[in-house]
Amino acid sequence: MSLQSGLDALKDKRYQEAVELLEEFCRNCVEHDSSDYISAQMWLMKAYQATGEIEKAKILCQKLMISENPQTRSWAEQASQSFRQTPANQSNNIQKAGRAATTGMKLTMGGVGGSLALASGVTMTLLFGMVLALGLSLVFIVGSDDPLQGLAIAIGITLVFNIAAFFLSPFLMDLTQSWLYQTRWVELAEVETLSPETAKVIRQVCEQKKLKAPRLGIINDQNPTAFTYGSLPNSARLVVSQGLFTYLDDDEIATVYAHELGHIVHWDFAVMTVASTLVQICYLIYSTARRFGRGGDSKIKDAMQTAALAAYVFYVLGTYLLLYLSRTREYFADHFSAESTGNPNGLSRALVKIAYGILEEGSRSPEPSRLIEGTRALGIYDHKAAASTGTAYRIASDPQKIGRVFLWDMFNPWGWWMELNSTHPLTGKRVRALSTYAEQLGLPTEFDMGRVIGEGKSLSKSRLYGNFFLDVVLYGAETIGFFVGLVMGVILWSSSPNTGLAFGAPLIGLGIGIMVKALVMFPDYKQAPETDILTLMSDPYASPLRGQPAKLEGQLIGRGDAGYKFGSDLKIQDRSGMLYLHYASRFGPIGNFLFGMKRVKSLIGEQVGAVGWFRRGVAPWMDLIQLQSENGTIVNSYHRFWSFILGSGSIILGVVLTMFLSSR
């Protein structure tokens with residue numbers, strides 16, 4: 001698509017068409033420093049203004065204001081003046097509910113997040129104990145004659161590992177940040193020019209808590225994120241991306257910095273650094289013991305295998321303890337931000353806008369962001385949860401429509417289950433906690449979580465929990481089918497001389513289990529309703545197992561596989577949001593690789609109709625059935641194929657085995 005066609009549409013006042021043409025040109029343009037690309041960005045900003053999409057126009061203008069081209073910067077600075085006379089588009093501009101007149105008021109958490117001190121203490125004690133026990137086991141394995149000496153060596157090994165990790169990890173992170181993301185270290189004065197309130201908050205917190213100002217970094221990436229790391233509070237690093245200044249207002253940026261300062265005040269990064277190291281030591285001991293347990297003296301081999309098993313169990317337990325600690329510290333950092341700024345509504349708004357920014361940047365890039373993927377555990381927001389919240393913010397006319405996507409977070413049992421494997425609490429739970437702080441400050445809440453809670457209480461509990469427990473059973477349908485078949489086979493064999501039943505019945509049960517699970521996961525799609533992405537994401541009953549047939553119309557905007565240039569998954573965008581499409585070849589992983597290598601690139605940018613099964617976890621997605629583009633190209637996906645092949649094959653094999661053994 002040529003740049004001229006977009007300019008002609010803009011000149012003829014076909015503004016919506018101009019937006020679509022210019023957006024497509026920008027997506028397909030490889031040289032982002034070229035004059036054509038910069039011109040397209042300028043005219044796209046004007047087109048956004050003409051269609052009333054003021055938030056998008058502002059974001060694009062702010063990007064142009066930091067361009068390396070001085071003429072572009074000058075043009076953008078002049079263009080920014082027009083926003084003062086242009087009314088904000090309600091669809092993308094949340095009306096601010098206000099903030100407290102003073103800061104520092106103590107806010108009760110009401111049990112939200114548990115106890116940070118208790119969570120940290122228990123986690124660290126258990127992890128240290130695990131590593132100590134494993135260290136002891138390895139020392140005794142090599143045959144120490146003096147148990148006390150072995151104990152001293154084990155304790156020494158544990159302390160050396162932890163002390164080294166504690167003090168060296170920040171410097172290693174500095175090198176990593178510089179190499180991967182080209183982090184630029186800046187003075188507080190530069191941050192103040194970008195966000196005056198942020199500088200005020202940093203000075204205020206550091207003065208009150210008697211802290212040295214953290215080392216401040218900015219990454220030149222438009223995906224909004226923020227994170228902190230270090231070993232001691234007075235040597236902490238606080239890094240944000242340029243996208244934070246692009247997508248958030250001044251007061252919102254300040255609440256994000258206050259959140260990160262909360263991590264520093266609570267020593268969260270130090271605790272997480274040591275805890276992460278302890279978990280990795282467990283894994284290191286597991287891999288080492290497993291390798292040495294493959295040969296040699298039988299006594300040492302058995303001991304090594306036992307140590308490897310124990311280390312792996314400790315590694316799994318340690319991982320979940322670490323995730324729990326990570327989620328707890330996020331609640332307390334949110335609480336610190338609300339107290340320090342008196343603006344819990346600002347942080348709620350910031351979380352939603354960060355999700356929106358991640359979604360917007362994802363829609364403009366054919367490849368997922370390396371920064372967002374690489375800093376998932378450190379960042380203020382789990383990018384996998386951005387799709388639903390960001391989609392709602394993109395088109396919502398009022399915050400209540402945004403709040404409705406939080407129903408799944410708050411009430412679906414799968415939300416709690418999925419959260420166990422997440423470094424961050426679900427967004428709905430964080431916004432709910434922040435809303436309670438706003439109420440304590442006597443402020444109206446922008447996201448009326450009381451109404452969301454009220455709507456959630458009217459949901460069918462039998463449907464929510466009945467479906468959840470049914471799904472849990474169906475997840476193990478193959479195993480259940482196998483053991484039921486085994487039991488029945490043994491019972492029938494004991495009452496008849498037919499030995500084939502004992503061997504054939506388990507295979508038949510296994511096949512039936514596979515088939516039943518497939519029928520629930522992949523129901524009939526012939527009557528799949530036409531819908532949009534926001535409607536799917538607002539369904540509080542959605543499940544990661546039970547597929548919901550749906551038809552979508554939209555544009556393929558890129559790959560869904562992070563950092564994988566031959567990925568077979570895709571991203572589709574319609575008027576309401578973006579969703580990942582999961583492709584499955586009938587030839588398995590090899591077919592997926594070939595599809596990603598040969599077909600995906602030619603499909604990106606196409607307007608398509610997609611049919612598939614929608615699923616909702618922390619990140620929503622659709623298992624693709626069929627894609628059909630405007631030019632007639634058809635892509636078929638085969639998620640059910642191997643389930644039916646394996647299921648029917650197991651049943652047939654079980655029947656044949658039963659008949660064969662019975663005839664002997």
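Up top is the structure these notes are about.
Residues numbered from 1 in each chain as written. Predicted model: local features only at pLDDT ≥ 70, side-chain atom pairs only at ≥ 80, totals over all residues. Heavy atoms only, no water.

So, about the overall build of the protein. Scanning the protein from terminus to terminus reveals 28 helices and 10 strands. Residues classed as buried in the protein amount to 53% of the 664 residues present. Restricting to contacts in the protein with at least 6 residues of sequence separation, those with at least 24 account for 72%. (Helix = DSSP H or I, 4+ residues; strand = E, 2+ residues; numbered from the N terminus. Buried < 20%, exposed > 50% of the residue type's maximum accessible area, 1.4 Å probe, protein only. Contact = heavy atoms within 4.5 Å.)

The end-to-end C-alpha distance of helix H20 (residues 427-440) is 20 Å, a good match for the 20 Å that 14 residues give at a rise of 1.5 Å each. Counted residue by residue, H20 has 10 buried out of 14 residues, so it is predominantly covered. Turning to H20, its buried residues number three or more, namely Thr 427, Gly 428, Lys 429, Arg 430, Val 431, Ala 433, Leu 434, Ser 435, Tyr 437 and Ala 438. (Expected span 1.5 Å × (residues − 1).)

Looking now at helix H3 (residues 35-50). Its 16 residues place the ends of H3 23 Å apart at the C-alpha level, agreeing with the 22 Å of an ideal helix rising 1.5 Å per residue. Those residues of H3 not exposed but buried are Tyr 37, Ile 38, Ala 40, Gln 41, Met 42, Leu 44, Met 45, Ala 47, Tyr 48 and Gln 49.

There is a patch of nonpolar side chains on the surface, built from Ile 163, Phe 167, Leu 232 and Trp 267 and spanning about 380 Å² of accessible area. Here Ile 163 shows up in helix H7 (residues 147-181). (Patch = residues over 30% accessible without salt bridge, like charges linked within 9 Å, V, L, I, M, F, W, Y side chains within 5 Å. Areas by Shrake-Rupley, 256 points an atom, 1.4 Å probe, with all protein chains shown as cover. Salt bridge = Lys/Arg side-chain N within 4 Å of Asp/Glu carboxyl O.)

With that out of the way, let us pick up the pattern of salt bridges. Two side chains that carry opposite charge are able to pair once their charged atoms sit near each other. Counted by the stated rule, this structure contains 14 salt bridges. Two residues, Arg 430 and Glu 330, come together in a salt bridge whose shortest N-O distance is 3.6 Å. On the criterion of sequence distance, the pair formed by Arg 430 in helix H20 and Glu 330 in helix H13 (residues 298-341) is long-range, its members being 100 residues apart. Glu 330 gets classed as buried once you look at its relative accessible area, which sits at 1%. Several salt bridges converge on common partners, so that one network encompasses Asp 249, Asp 251, Glu 252, Arg 349 and Lys 353.

We now examine the nonpolar core. In this structure, Val 240, Leu 244, Leu 248, Val 256, Tyr 257, Leu 261 and Ile 354 are the most contacted members of the largest nonpolar core, which totals 50 residues. In this structure Val 256 touches Ala 226, Leu 244, Leu 248, Leu 347, Ala 350, Ile 354 and Ile 380, once residues within four positions along its chain are discounted. With 28 residues, the next largest nonpolar core counts Leu 556, Ile 572, Leu 581 and Val 618 among its residues. (Core = buried A, V, L, I, M, F, W, Y, C linked by side-chain atoms within 4.5 Å.)

At Lys 210, a position not held by glycine, the phi torsion is positive, near 55°. Residue position: Lys 210 is located in the loop between helix H9 (196-208) and strand E2 (215-219). Take Lys 210: its relative accessible area is 71%, and that puts it in the exposed class. Positive phi, close to 60°, is recorded for Trp 267, a residue that is not glycine. For Trp 267, the location among the structural elements is in the loop between helix H11 (250-265) and helix H12 (268-292).

For the rest of this paragraph, the subject is the sheet that holds E2. Taken in spatial order, the four strands line up as E1-E2-E4-E3 in an open sheet, and their pairing is mixed. Looking at which strands have only one partner, the edges of the open sheet turn out to be strand E1 (184-186) and strand E3 (226-229). For this sheet the average axis-to-axis angle between neighbouring strands, irrespective of direction, equals 30°. Summarising the sheet, E3 and strand E4 (residues 237-241) pair through four bridges and their orientation is antiparallel. Following the sheet pairing, Tyr 229 is matched in E4 by Arg 237. (Pairing = 2+ DSSP bridges. Axes fitted to C-alpha atoms, helices over the stretch in contact; angles between N-to-C directions.)

Structurally, Gly 591 is set in helix H26 (residues 588-598). With 23 residues separating them in the primary sequence, Gly 591 and Ser 568 have C-alpha atoms 9.2 Å apart.

Taken as a whole and judged by the stated rule, the model has 12 aromatic pairs. Aromatic pair Phe 468 and Phe 469: ring centres 5.4 Å apart, planes at 65°, arrangement edge-to-face. Judged by relative accessible area, which is 8%, Phe 468 ranks as buried. Seen from their ring centres, Tyr 583 and Phe 595 are 3.9 Å apart, and the 15° between their planes marks the pair as stacked. Residue Tyr 583 is located in the loop between strand E7 (578-582) and H26, and its partner Phe 595 is located in helix H26; the two are separated by 12 residues in the primary sequence. A relative accessible area of 5% places Phe 595 in the buried class. (Phe/Tyr/Trp six-rings, centres within 6.5 Å; stacked < 30°, edge-to-face > 60°.)

Another point: the environment of Thr 102. Mapping Thr 102 onto the fold places it in the loop between helix H5 (70-79) and helix H6 (116-141). The spacing of Thr 102 and Gly 342 is 240 residues in sequence and 6.5 Å in space, taken between C-alpha atoms.

Consecutive side chains along a regular strand alternate between the two faces of the sheet. With seven of 10 residues buried, strand E9 (residues 620-629) lies mostly within the body of the structure. Of the pairings in the sheet, the one linking E7 to E9 comprises three bridges and is parallel in character. Counterpart to Leu 581 in the pairing with E9 is Met 622. In the sheet, strand E8 (residues 607-616) pairs with E9 via nine bridges, with the strands oriented antiparallel. Residue pairing across strands places Gly 612 opposite Leu 624, the latter belonging to E9. As paired elements, E9 and strand E10 (residues 634-636) share three bridges and run antiparallel to each other. Bridged to Leu 627 within E10 is Val 635. The turn linking E9 back onto E10 is made up of four residues, and Gly 632 within it adopts a positive phi angle of 95°.

A few words now on the packing of helix H1 (residues 3-11) against H3. Helix-helix packing is described using two parameters, namely the angle between the two axes and the distance between the axes. Closest axis-to-axis distance for the H1/H3 pair is 11 Å, and the angle between their directions is 25°. Here H1 lies roughly parallel to H3, going by the angle between them. Crossing of H1 against H3: the hand is left-handed. Along its contact with H1, which presents Leu 3, Leu 7 and Leu 10, the element H3 presents Asp 36, Ser 39, Ala 40, Trp 43 and Ala 47. For the contact of H1 with H3, the per-class residue count stands at six nonpolar, one polar and one charged. (Parallel < 35°, antiparallel > 145°, perpendicular 65-115°, else oblique. Left-handed = near helix turned anticlockwise from the far one by under 90°. Nonpolar A, V, L, I, M, F, W, Y, C, P; charged D, E, K, R; others polar.)

On to the side chain of Arg 616. Relative to the assigned elements, Arg 616 resides in strand E8. Engagement of the side chain of Arg 616 in a polar contact is seen with the side chain of Asp 409, the distance being 3.5 Å. (Polar contact = N/O pair within 3.5 Å; in protein donor to acceptor, adjacent residues only side chain to side chain.)

Structurally, Thr 341 is set in helix H13. Classification of Thr 341 by relative accessible area gives buried; the value is 2%. Between the alpha carbons of Thr 341 and Arg 99 there is a distance of 8.5 Å; along the sequence they are 242 residues apart. Only 2.7 Å separates the side chain of Thr 341 from the backbone oxygen of Ser 337, close enough to count as a polar contact. Within polar-contact distance, the side chain of Thr 341 engages the backbone nitrogen of Asn 343 at 3.2 Å.

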